[in-house]
Amino acid sequence: MKIDFDGVQAFVTVAELGGFHKAAERLNISQTALTRRVQKLEAYLDLKLLDRTTRFVKLTSVGEDFLPQARSIVHDMSAAVTRLKDKSKYSTGNFTLSCVPTMAAYILPNLIRLYAEKFPNNRIRLVDATSYQVREAVLSNQAEVGISIHGEKHPNLVETQLFEDPLMFFCRKNHPLSKKKSVRWSDMSDANLIVVSNFVATRVFMDYQLAKRGISLTGAYEVQHHATAINLVAAGVGCSILPSSSCGENDRPGVIRIPLIEPIVKRKVVLIQRKGATLSPAAAAFCDVLKKVTVESLSKKKRLII
């Protein structure tokens, strides 16, 4: 059924203001155009809603019965359109973001704080997941955008690089290598390494880069999450190779991070969107904040989100 909203709005305005002249002024149209709208609605309904002469306008009995429902239609539609216009103008609304755990644990909280300061009424549903799951969440429309690690290209995804995240050596201050300004991969041949599972994108990326250079490292302990590795390092269990974003300088008492060289290995952190999909105003505003912070941090050569 095709609802003639212009006609319903015209009928309600005439009924509430008691005349065509005032109603036409309210709607900013001519009286002729207003009359045509009401007549078109009555013709569609095959019912008379208004009795009108040159001196007065009066609701018919059918018109009186229809007026409360017509008011509701006009109110609901006007409210819905206003909300949509506000979303566009003020970037309001809610959206779902999928993100790899390292970003969700250390970088994202400060980013969300900046976003919340600018858009206090917006809400984010955060889904932390593996790099593969982040991509699947965006592909299946379970999340509008994702923050993940650069991977194999997908025809239905668009990746925007945010920054490069170098792998670093994490240890306690009393570790034999802790005094070095940089650590070579070959220095860790006898290290008591805590490694992340080979199902984690960081481990897959690291093994691939090292295999190309003929470097092989084994771990005494294997964990599923970067945060667990950091906790074990802090407890003095061993040392670990992790992305720099896993833990900032002085974030964990007694834990230090040292640049890894020969080779320097970096993973690329990317923003993921579905190709051809239009983001909601709230999600688009978040992406703008994220990209702005990334650019400013890189231009000042500072760690992302201080």
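All residue numbers here refer to positions counted from 1 along the written sequence of the relevant chain. Given that this is a predicted model, residues contribute local features only at a pLDDT of at least 70 and side-chain atom pairs are listed and counted only at 80 or more, while totals for whole chains, interfaces and linings are drawn from all residues. Where side-chain values are given, they derive from all heavy atoms of the structure, hydrogens and water being excluded.

Trainee: So what exactly am I meant to see when it comes to the pattern of salt bridges here?
Mentor: Between side chains of opposite charge, a pair can form when the charged atoms approach closely. A pairing counts as a salt bridge when a side-chain nitrogen of Lys or Arg comes within 4 Å of a carboxyl oxygen of Asp or Glu. Following the criterion strictly, the structure yields eight salt bridges and no others. The closest approach of N and O atoms between Glu 42 and Arg 52, which form a salt bridge, is 3.5 Å. With a gap of 10 residues between them, Glu 42 in helix α3 (residues 31–45) and Arg 52 in strand β1 (residues 50–52) connect regions that are remote in the sequence. Between Arg 184 and Glu 262 there is a salt bridge, with its nearest N and O atoms 4.0 Å apart. One end of the pair, Arg 184, is in strand β7 (residues 183–184); the other, Glu 262, is in the loop between β11 (255–261) and β12 (266–274), with 78 residues separating them in the sequence. A network of salt bridges, in which partner residues are shared, links Arg 184, Asp 187 and Glu 262. Strands here are runs of E lasting at least two residues and helices are runs of H or I lasting at least four, both read from the DSSP assignment and numbered beginning at the N terminus.

Trainee: When you look at the packing of helix α1 (residues 5–17) against helix α2 (residues 20–27) in this model, what are you seeing that I'm missing?
Mentor: Between two packed helices, the angle of one axis relative to the other and the distance separating the axes together describe the packing. For every element, the axis is a line fit to its C-alpha atoms; helices are fit only across the contacting stretch, and the angle between N-to-C directions ranges from 0 to 180 degrees. Two elements in contact, α1 and α2, have axes separated by 8 Å at closest approach and are oriented at 125°. Comparing the axis directions of α1 and α2 gives the class oblique. For α1 against α2, the interelement crossing comes out right-handed. Between α1, through Gln 9, Ala 10, Thr 13, Val 14 and Leu 17, and α2, the contact on the second element is made entirely by Phe 20, Lys 22, Ala 23, Arg 26 and Leu 27. In this classification, Asp, Glu, Lys and Arg are treated as charged, Ala, Val, Leu, Ile, Met, Phe, Trp, Tyr, Cys and Pro as nonpolar, and every other residue, Gly included, as polar. Split into classes, the residues belonging to the contact of α1 with α2 amount to six nonpolar, two polar and two charged. Angle categories are assigned with fixed cut-offs, so that under 35 degrees is roughly parallel, over 145 is roughly antiparallel, 65 to 115 is roughly perpendicular, and the rest are oblique. For a crossing to be left-handed, the near helix must be turned anticlockwise from the far one by less than a right angle; the clockwise case is right-handed. When checking whether two residues touch, look at their non-hydrogen atoms; a contact exists if any pair is within 4.5 Å.

Trainee: Please clarify how the packing of aromatic side chains should be interpreted in this entry.
Mentor: Only Phe, Tyr and Trp rings take part, Trp by its six-membered ring, and two of them pair if their centres are within 6.5 Å. Stacked means planes under 30 degrees apart, edge-to-face means over 60, and tilted covers everything else. The final tally for this structure, using the stated rule, is five aromatic pairs. Aromatic pair Phe 11 and Phe 66: ring centres 5.6 Å apart, planes at 25°, arrangement stacked. Note that Phe 11 is positioned in helix α1 and Phe 66 in helix α4 (residues 61–90), a separation of 55 residues in sequence. Per residue, the accessibility class of Phe 11 equals that of Phe 66, and both read buried. With centroids separated by 5.5 Å and ring planes inclined at 80°, the aromatic side chains of Tyr 115 and Phe 286 adopt a geometry described as edge-to-face. Highlighted residues: Tyr 115 in helix α5 (residues 101–118) and Phe 286 in helix α9 (residues 281–299), separated in sequence by 171 residues. Side by side, Tyr 115 and Phe 286 carry an identical accessibility label, which is buried. Put simply, the rings of Phe 95, Tyr 115, Phe 119 and Phe 286 pair up and form one aromatic cluster. Summary of the burial criterion: residues with accessible area below 20% of their type's maximum are buried, those above 50% are exposed, and those between are partly exposed, where the area comes from a 1.4 Å probe applied to protein chains only.

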